Amino acid sequence: MSMRVRIGVVFAVLLGLCLPVVGQSAGRRESRIGGYGYRESADFVVKRLGLRRNSVVVDIGAGDGWWSSKMVAKLGPKGVIHAGEVDQKKVDAMKTKWADLKQIKPYLCPTDGTGLETDSCDLAFLSKTYHHLNKDGHVAYLKHLKEVVKPSGKLVIIERHQALASGRGAEHAWLPGLLGHQAEEAGWMMLRCELIPGSDHFMATFVQPEAFAKAFAKRREAAEKKKAAKENKPPEEKNAAEEKKAPPE
Ligand SMILES: C[S@@+](CC[C@H](N)C(=O)[O-])C[C@H]1O[C@@H](n2cnc3c(N)ncnc32)[C@H](O)[C@@H]1O
């Protein structure tokens, strides 16, 4: 075998050994982005939730309770996270895993609702669960959440962006536009929708328009009262008030 042929054979063998490694790391990178890569931006997500101490959260489709465990510190010892799951094994696993975090309350929830009372939560949180909800039951589920979440509360939904996903990933994804329509139909108002940095997942935040309408109505009423009071003042009172305002000569 000539020297050239020998070098060629060695090169081919080395290339053969290296390719699977390169392929594996590319695959790992892909699954990190598409799979649970969004978890790496947990700080970003939790900050955006704007959680307050003593709040009550429902984490729907909590899975292993990872997100519940990230939220808990913001709520303080009196906060509560109802970690809802439809899978009893996951509920049991969460009970064991988070036994030290008393604020996390894993429970078996129905598939068509949270089973929680009206106005009992400050935040409804669904991470990669929305696409699992019953087919054609999304708007009804969002209407139910409007009942469960207090008027001042929020709804946050994380999903993989369907337009950025491919293959099987696209089956476990959703379109933000479709979600926006469904949420609006259910009576929610979109506050913002953004991509989670470093991932192909988006995070949509919704509020209840009634809460804003009430606040605006109050402000309008106060402004109108003030204006009316100014207009109805007797002239002497008006002059006295204006004299008071005038700078000393
Ligand atoms: C992809 S996992 C997401 C887990 C976790 N939220 C996360 O982001 O890591 C979806 C979870 O939703 C649960 N699930 C499916 N349908 C549900 C429903 N109707 N209500 C509540 N949970 C549901 C599944 O059992 C599963 O654990």
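The rules we used
- Residues numbered from 1 in each chain as written.
- Predicted model: local features only at pLDDT ≥ 70, side-chain atom pairs only at ≥ 80, totals over all residues.
- Helix = DSSP H or I, 4+ residues; strand = E, 2+ residues; numbered from the N terminus.
- Buried ≥ 20, exposed ≤ 12 C-beta atoms within 10 Å, placed from the backbone.
- Near = placed C-beta within 6 Å.
- Axes fitted to C-alpha atoms, helices over the stretch in contact; angles between N-to-C directions.
- Parallel < 35°, antiparallel > 145°, perpendicular 65-115°, else oblique.
- Left-handed = near helix turned anticlockwise from the far one by under 90°.
- Contact = placed C-beta atoms within 7 Å.
- Core = buried A, V, L, I, M, F, W, Y, C linked by C-beta atoms within 7 Å.
- Pairing = 2+ DSSP bridges.
- Right-handed = clockwise from strand over helix to strand, strands pointing away.
- Nonpolar A, V, L, I, M, F, W, Y, C, P; charged D, E, K, R; others polar.
- pLDDT = per-residue confidence, 0-100.

1. Some points on the environment of S199
Position of S199 relative to the elements: it lies in the loop between β6 (189-195) and β7 (201-207). Taking the C-beta count within 10 Å as the criterion, S199 has 24 such neighbours and is therefore assigned buried. Sequence separation between S199 and R39 is 160 residues; the distance between their C-alpha atoms is 8.9 Å.

2. Some remarks on the site of the ligand
Residues in close proximity to the ligand total 18 residues, the closest being G61, G63, T111, S127 and H132. Among the elements of the structure, α3 (66-75) and β2 (80-85) are those that each provide at least two residues to the shell around the ligand.

3. Structural notes on the packing of helix α2 (residues 42-49) against α3
Axis separation between α2 and α3 bottoms out at 10 Å; the angle between their running directions is 45°. With respect to α3, the axis of α2 lies oblique. The two elements α2 and α3 meet at a crossing, and its hand is right-handed. Residue-level contacts link A42, V46 and L49 of α2 to K70, M71 and K74 of α3.

4. Here we look at the nonpolar core
Ranked by size, the top nonpolar core spans 43 residues in total, and within it V57, V58, M71, C121, A124 and F125 carry the most contacts. Ranked by residue count, the leading element in this core is strand β4 (residues 121-127), at 5 residues. Ignoring sequence-local partners within four residues, the contact set of C121 consists of V56, V57, V58, L116, V148, V149, K150 and G153.

5. Structural notes on the sheet that holds strand β3 (residues 104-108)
The strand order across the open sheet formed by 7 strands is β3-β2-β1-β4-β5-β7-β6, and the pairing between neighbours is mixed. In this open sheet, the two strands that pair with only one neighbour each are β3 and β6. Adjacent strand axes in the sheet meet at a mean angle of 20°, parallel and antiparallel pairs treated alike. Each of β1 (56-60), β2, β3 and β4 is contacted by α3, which is oriented at about 175° to β2, the strand it contacts most. Those strands touched by helix α4 (residues 88-97) are β2 and β3, and its axis lies near 160° from that of β3.

6. Focus on the pairing of β1
With 5 of its 5 residues buried, β1 lies for the most part within the structure. Taken together, β1, α3 and β2 form a β-α-β motif whose crossover is right-handed.

7. Some points on α3
Count 3.6 residues to each turn of an α-helix, and residues three or four apart come out pointing the same way. Taken as a whole, α3 has its buried residues at W67, S68, S69, M71, V72 and L75. In this structure, the buried residues of α3 make contact with α2, β1, β2, β3 and β4. Of the residues one or two after α3, G76 is the one with positive phi, at around 75°.

8. What about unusual backbone geometry?
Of note in this structure, N54 is not a glycine but carries a positive phi near 70°. Looking at where N54 falls in the secondary structure, it is placed in the loop between α2 and β1. Residue classification places N54 among the exposed positions, given that 12 C-beta atoms sit within 10 Å. In this structure, D136 takes a positive phi of about 65° despite not being glycine. Tracing the backbone through its elements, the reader meets D136 in the loop between β4 and α5 (138-148).

9. Overview of the packing of α5 against helix α6 (residues 176-185)
Taken N-terminus to C-terminus, the directions of α5 and α6 make an angle of 55°; their axes are 8 Å apart at the nearest point. Classified by the angle their axes make, α5 and α6 are oblique. Like other packed secondary-structure pairs, α5 and α6 cross with a definite hand, here right-handed. For the pair formed by α5 and α6, the contact residues are H138, V139 and L142 on the first element and Q182, A183 and E185 on the second. In terms of residue class, the contact of α5 with α6 is made up of 3 nonpolar, 2 polar and 1 charged.

10. What to know about the confidence of the model for the protein
Of all residues in the protein, 79% attain a pLDDT of 70 or more, and the chain-wide mean is 85. For residues 7-34, every residue scores under 50 in pLDDT, and the model assigns this stretch 7 contacts once sequence neighbours within four places are set aside.

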